[in-house]
Amino acid sequence: MNIRLRLTLWYTAILFLTLALFSSAVYIGLTRSLMVTLDNHLQREVSEIIGNLKFEHSGEDPEESEEEGNDDDHKIRSGELEIELNYTPEEGVFWRLLAENGQPLRDPGYFEGAAIAPTTLTAGQTQFEYAYATLANGTPIRLYTAPFVIEQQGAGVVQVAESYRHIQEVQRQLLLLLALGLPFILLAAGLGGWFLASNALNPIDRITRAARQISADDLHHRLNLKLPNDEVGRLAATFDQMLARLDDAFERQKRFIADASHEMRTPLTILKGDVEVALNRPRSAGEYRATLDMVNQTTDRLTALVEELFLLARADNHQFPLQLEPFDLVELLRRDVMKLMPRAFEKNISLDLDTPVELQIEADPAKLSRLLLNLIDNAIKYSNSGASVTVTATIEHDQAHIAIADTGPGIDPEHLPHLFERFYRVDQARSRHVAASDGSSGAGLGLSIAAWLAKIHGGRIEVESQVGQGTTFIVWLPRSAPDQS
Ligand code: ADP
């Protein structure tokens, strides 16, 4: 069963229950109110009868006549009791006056033929009852029986009745109205509910249809549904954003694989070329040695490239836990600078270190060393003879601030935003052939790896450069790396 139908059925069922409860409450409430009005009216009539009633005794003492126990007791008593009643009933009110023993005292004849048992009620014990077919014409009546005592005069029972057919008529009409109206209301509500549910769910159908057409190969497709900014609209927009991110990730992945293959192909072609040249005729031992030297260098570059690619793959899979430990950053910088000193000397570049005596931080020394070696090596690699490279380290705002400044050629501003992208090289042809001493491949991966290493330490790398003046890379690191978990 689809959501549309389920929603409509639930909605209609709840509405039905509510209406049924409401209708019952109206029916019961109205009936009771009409009945109470009727009963009040009967009570008023009784009060009027009793209020206008007078017993007058004449002749023999009734006590005595009772003692005689004669059969004509009632007649005699009736004869002796004079009843004065000044009462005109309202239209539709039936009444009679009975003696305590149930014999009629005054009976206008409304109840003729009706078998109303003489009441056994005593004064104060009034009683309301429904009586059907009590009257000769079969009218259903509400009968009120009220015994009474008039001080020093006598006692008796008044019975007053009134038809409640008009109440039955109201009940019947109300039931008819509800019986006809309820299905109609439920039908209208069901249709309305279906329409609303369809309206709310239609966009979801559209999303489903659109999403079905998008496969892994055409992630650049978007739903592009023009929906209002509501829950469903936001769902569609979020879906599009997710597609955009997936598309971007897929594109980067594809580009990465293409770039990596391209980077591998070049050294492999060189390798094959060198070997083929060496093999196309017999060579001297010196020539073979020279070829093997070149092969060795090229395989070194290939190994470095594969290692960098492997590192990035693990970085993408977040499989590169930091081995955090407290250590002296100055000591680490000193060792790195010493490592690159011969290369700087070789290129006639002055390499200086300007730091306080000690800077304690908590980080992964091996990874941080790799980062710094890469930046210092780049500074030496891309600077010309006579330039200088200065490495400084300080603590600023509770962060380690390491600057590697060179007086090299600088970098054109148009390249700066892309510098940390994978495989990005300012001068595509040149950098590949500039020898690297830090074991990097020169494939344009060094800075992206450095930026990622700074990032996993909770830090970042900034670059400032002016063409012809030099370049400064600034590494910011928190004094203690954030918790990996
Ligand atoms: P590569 O492995 O080619 O050195 P990097 O990612 O380390 O790749 O550097 C990217 C590019 O940034 C390099 O091709 C180079 O042109 C430029 N670059 C990096 N450091 C410097 C620097 N200190 N001075 C001038 N250019 C630099």
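Details of the structure are given in the entry above.
Criteria and cut-off values
- Residues numbered from 1 in each chain as written.
- Predicted model: local features only at pLDDT ≥ 70, side-chain atom pairs only at ≥ 80, totals over all residues.
- Heavy atoms only, no water.
- Helix = DSSP H or I, 4+ residues; strand = E, 2+ residues; numbered from the N terminus.
- Buried < 20%, exposed > 50% of the residue type's maximum accessible area, 1.4 Å probe, protein only.
- Contact = heavy atoms within 4.5 Å.
- Areas by Shrake-Rupley, 256 points an atom, 1.4 Å probe, with all protein chains shown as cover.
- Pairing = 2+ DSSP bridges.
- Axes fitted to C-alpha atoms, helices over the stretch in contact; angles between N-to-C directions.
- Parallel < 35°, antiparallel > 145°, perpendicular 65-115°, else oblique.
- Left-handed = near helix turned anticlockwise from the far one by under 90°.
- Nonpolar A, V, L, I, M, F, W, Y, C, P; charged D, E, K, R; others polar.
- Patch = residues over 30% accessible without salt bridge, like charges linked within 9 Å, V, L, I, M, F, W, Y side chains within 5 Å.
- Salt bridge = Lys/Arg side-chain N within 4 Å of Asp/Glu carboxyl O.

Colleague: Where do I start with the overall build of the chain in this structure?
Modeller: Within the chain one finds 10 helices and 14 strands. For the chain, buried positions account for 39% of its 485 residues. Here the contacts in the chain between residues at least 6 apart in sequence split such that 68% fall between residues at least 24 apart. Entry remark: accessible area of the chain is about 28,400 Å², with carbon and sulfur atoms responsible for 56%.

Colleague: Help me out: how do you make sense of the pairing of strand 7 (residues 154-163) in this one?
Modeller: Successive residues of a regular strand alternate their side chains across the two faces of the sheet. Burial analysis of strand 7 places 9 of its 10 residues in the buried class, the great majority of the element. In the sheet, strand 6 (residues 141-150) pairs with strand 7 via 10 bridges, with the strands oriented antiparallel. Within the sheet, the bridge partner assigned to Thr-145 lies in strand 7 and is Gln-159.

Colleague: Would you mind going over the pairing of strand 14 (residues 470-478) with me for this structure?
Modeller: Counting buried positions over the 9 residues of strand 14 gives 8, a clear majority of the element. The pairing of strand 12 (residues 399-406) with strand 14 spans 8 bridges and is classified as antiparallel. Note that in strand 14 the partner of Asp-406 across the bridge is Thr-471. Bridging between strand 13 (residues 460-466) and strand 14 involves 7 bridges; their strand directions are antiparallel. Each bridged residue has a counterpart across the sheet, and for Gln-466 the counterpart in strand 14 is Gly-470.

Colleague: Explain the packing of helix 4 (residues 165-212) against helix 5 (residues 231-279) to me, please; I cannot follow it from the model alone.
Modeller: When two helices pack together, their arrangement is given by the angle between the helix axes and by the axis-to-axis distance. Packing of helix 4 against helix 5 leaves a shortest axis separation of 10 Å and a crossing angle of 15 degrees. Relative to helix 5, helix 4 is oriented roughly parallel. The element helix 4 and its partner helix 5 pack so that their crossing is left-handed. Counting all contacts with helix 4, which are made through Ala-200, Pro-203, Ile-204, Ile-207 and Ala-211, the residues of helix 5 involved are Val-232, Leu-235, Ala-236 and Phe-239. Taken together, the residues that form the contact of helix 4 with helix 5 break down as 9 nonpolar, no polar and no charged.

Colleague: Got a minute to help me understand a nonpolar patch on the surface in this structure?
Modeller: Among the surface-exposed residues, Met-1, Leu-5, Leu-9 and Trp-194 lie close enough to one another that they form a single nonpolar patch of about 420 Å² accessible area. Mapped onto the elements, Met-1 comes out in the segment before helix 1 (3-51).

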